[in-house]
Amino acid sequence: MRVVLIAGARPNFVKIAALKAALSGRSGVEVLTVHTGQHYDDEMSAAFFRDLEMDEPEWNLGVGSGSHAVQTAGVMTRFDAFLDEVATDMVAVVGDVNSTVACSLTAVKRGIPVAHVEAGLRSFDWEMPEEINRLVTDRLSSLLFTPSRDGDENLKKEGRPAEAIHFVGNVMVDTLLRFRDKAAQANVLGRLGVAAGEYAVLTLHRPRNVDTREAFVGLLDAFAEVAGRIPIVYPMHPRSSRTLTEAGLLERAEAISGLMMTGPLGYLDFIELEARARFVMTDSGGVQEETTVLGVPCLTLRPNTERPVTITEGTNTLVGTRGYTRWRSWALRTSARAVGRTRVRTDR
Ligand code: UD1
Ligand code: UDP
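Please read these numbers as outputs of a predicted model, since none were measured by experiment. (Residues numbered from 1 in each chain as written. Chains lettered and ligands numbered in written order. Predicted model: local features only at pLDDT ≥ 70, side-chain atom pairs only at ≥ 80, totals over all residues. Heavy atoms only, no water.)

Points about the layout of surface pockets
To be explicit about the condition: Put simply, the grid is 1 Å and covers the protein atoms alone, a cavity is a trapped set of points that fit a 1.4 Å probe, a pocket is an open set with protein on both sides within 12 Å along at least five of seven lines, and lining residues have an atom within 4 Å of a point. Grid points are joined across faces, edges and corners, and a volume is the space filled by probe spheres set on the points. Elements are defined by DSSP. Helices are runs of H or I of four residues or more, strands are runs of E of two residues or more, and each kind is numbered from the N terminus. Throughout this entry, Asp, Glu, Lys and Arg are counted as charged residues, while Ala, Val, Leu, Ile, Met, Phe, Trp, Tyr, Cys and Pro are counted as nonpolar. The remaining residues, Gly among them, count as polar.
Estimates place the volume of the largest pocket at around 1100 Å³. Lining the largest pocket are 44 residues, and of these Ala9, His39, Met44, His205 and His237 sit closest to its centre. Contributing elements (two or more residues each) for the lining of the largest pocket: helix 1 (10–23), helix 3 (68–85), helix 5 (129–140), helix 11 (238–246), helix 13 (267–275) and helix 14 (285–294). Broken down by class, the residue content of the lining of the largest pocket amounts to 16 nonpolar, 15 polar and 13 charged.

Structure below.
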C-alpha cells in the first residue's frame with residue numbers, strides 16, 4: 001500500500017515527523033512525502049527536516065505564496081499532476097492549512113481515500129481560514145484521526161459515522177516528547193543571552209493580529225509595557241515581518257526596549273526556548289499545545305481556540321486581543337513572580 005503524506009507549512013513538518021516515524025518499517029506500507037511548497041524559506045521549511053531527522057521530501061510541488069484561491073488552486077493542479085504520475089492508495093493530510101484542504105479535495109475527486117490527522121478540531125469561527133479548511137477536509141476524509149475527545153464529539157455532531165473516527169492523541173506532542181531531550185542540549189538561551197525563567201516568548205501570525213497596521217500597533221504598545229518588566233523573545237513569522245516592514249512599523253518595534261526580535265527559529269531551539277520561558281504569548285495552534293505539555297503558562301492572543309483541552313487541562317488562557325488591560329496585567333504579574341517551571345508533563 002502506498003501512502004502519500006502531505007506537508008506544506010511549518011506545523012505540518014512537526015506533525016508528519018511523528019507519522020513517518022510510526023509508519024517507517026511497517027511491512028506492506030510504502031510512504032512517500034509530498035511537500036507542497038507553501039512554506040519555502042530555509043527557516044520555515046528545510047530547517048525542520050534537518051532538526052526532525054527526516055529526509056527531504058521525495059516531491060516538492062513548489063507552489064509558494066499567493067491569495068487563498070491562487071495557493072489552493074496551485075496545490076490542486078500540481079498535486080493532480082503528481083497523482084497522474086504516481087499510483088497512490090491513500091493520501092494522509094495533517095492540520096488545517098491550505099495545502100491540507102487542497103490535496104484532500106484533489107485526491108477524493110480521483111477516488112483516492114483521504115486520512116486526516118488532527119481531525120475534529122473546531123474554533124466555530126468562520127473568520128479563520130483554518131476553520132473552513134478543517135471542516136471541508138474532515139467532510140472529505142474517510143479516516144478521521146482525532147487528537148482529543150472534543151474532536152470526536154464535534155465530528156459526531158456533524159453526522160460523521162463513529163467507525164470513521166479514531167481517537168489517537170496528538171502527533172505534535174509525540175514529536176515534542178521525542179525531541180525534548182535533544183533540544184535541551186541546544187544552547188539557544190546562551191546564544192540569545194537570556195536566563196531560564198527570566199524571559200517571555202512571543203509568536204504571532206494570525207491575519208487578525210498581524211495583517212493590519214491598526215491591530216499590530218495596539219499589540220506592540222501592549223508588548224512594550226510587558227517588555228519593560230521582562231525581556232520578550234519574539235521569533236518573527238514572515239507574515240508578521242512583512243506587515244512590520246510594509247506598514248512602516250519596524251523602527252517602532254525595534255525601539256521597544258526588552259523586545260528581542262529574531263527570525264523564525266529552528267524547531268529544537270524553539271521548543272527549548274518555550275520550555276524555559278516564564279510564560280508564552282502566542283496566537284499559534286501548536287504552541288498552545290506544546291506549552292500545555294511543557295507546563296509553561298500560555299496567553300493566547302485570540303478570541304477563541306480550536307484546542308479547548310489546552311484550557312481545561314492545560315496551561316492556556318484565552319485573552320483575546322482587544323481588551324489589552326486584562327492580559328497585560330496578567331503578564332506583568334507573572335513577570336514579577338519567580339517560578340521554576342520547566343518540568344515536562346508526561347501524564348497526558
Ligand atoms: C499558514 C497557514 C496557517 C498556519 C501557518 C503556520 C493557511 C491558510 N494558513 O499561514 O494556518 O498556522 O501557515 O505557520 O494555510 N512567507 C514567506 N516565506 C515562507 C512562507 C511564507 O516569506 O516560507 C510569507 C509570504 O509573504 C506569504 C506569507 O508569509 O504571503 C503568508 O504565508 P502563507 O503560507 O500564505 O500563510 P501563513 O500566514 O504562513
Ligand atoms: N516553531 C518553531 N520556530 C518558531 C516558531 C514556532 O519551530 O520560531 C514551531 C513550534 O514549536 C510548533 C510549530 O512551529 O511546533 C507551530 O507552528 P506555527 O505556530 O507556525 O503554526 P500553527 O501551529 O499555528 O498552525
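With respect to the pattern of salt bridges
So the rule is basically this: Put simply, a salt bridge is a Lys or Arg side-chain nitrogen that is within 4 Å of an Asp or Glu carboxyl oxygen. Relative accessible area decides the class of each residue, using a 1.4 Å probe on protein chains only: under 20% of the type maximum gives buried, over 50% gives exposed, and in between gives partly exposed.
Following the criterion strictly, the structure yields 24 salt bridges and no others. Close ionic contact of arginine 180 with glutamate 272 constitutes a salt bridge, the shortest N to O distance being 3.1 Å. A residue pair is termed long-range when its members are at least 10 positions apart, and arginine 180 in helix 7 (residues 171–184) and glutamate 272 in helix 13 qualify at 92 residues. Accessibility assignment for this pair places arginine 180 and glutamate 272 in one class, buried. Overlapping salt bridges bring together Lys15, Asp96, Glu118, Glu131, Arg134, Glu289, Arg302, Glu306 and Arg307 as one network.

Section: empty space enclosed by the protein
If a probe as big as a water molecule is rolled over the atoms, it shows which places are left empty. In total, this model carries one cavity of 30 Å³ or more according to the counting rule given. As a volume, the largest cavity reaches approximately 30 Å³. The wall of the largest cavity is formed by Val117, Glu118, Pro147, Gly169, Asn170, Val171 and Met172. The residue makeup of the lining of the largest cavity, split by class, is four nonpolar, two polar and one charged.

With respect to the packing of helix 1 against helix 7
Put simply, the rule reads: Lines fitted to C-alpha atoms define the axes, with helix axes restricted to the stretch in contact, and inter-axis angles between N-to-C directions lie between 0 and 180 degrees. To sort the angles, those under 35 degrees are grouped as roughly parallel, those over 145 as roughly antiparallel, those from 65 to 115 as roughly perpendicular, and the leftovers as oblique. What makes two residues a contact is simply this: any of their non-hydrogen atoms within 4.5 Å.
Running from amino to carboxyl end, helix 1 crosses helix 7 at an angle of 80 degrees, the nearest separation of the two axes being 8 Å. Regarding the angle of helix 1 to helix 7, the classification is roughly perpendicular. On helix 7, the residues touching Pro11, Val14, Lys15, Ala17, Ala18, Leu19 and Ala21 of helix 1 are Val171, Met172, Asp174, Thr175 and Arg178.

Geometry only, nothing functional implied.
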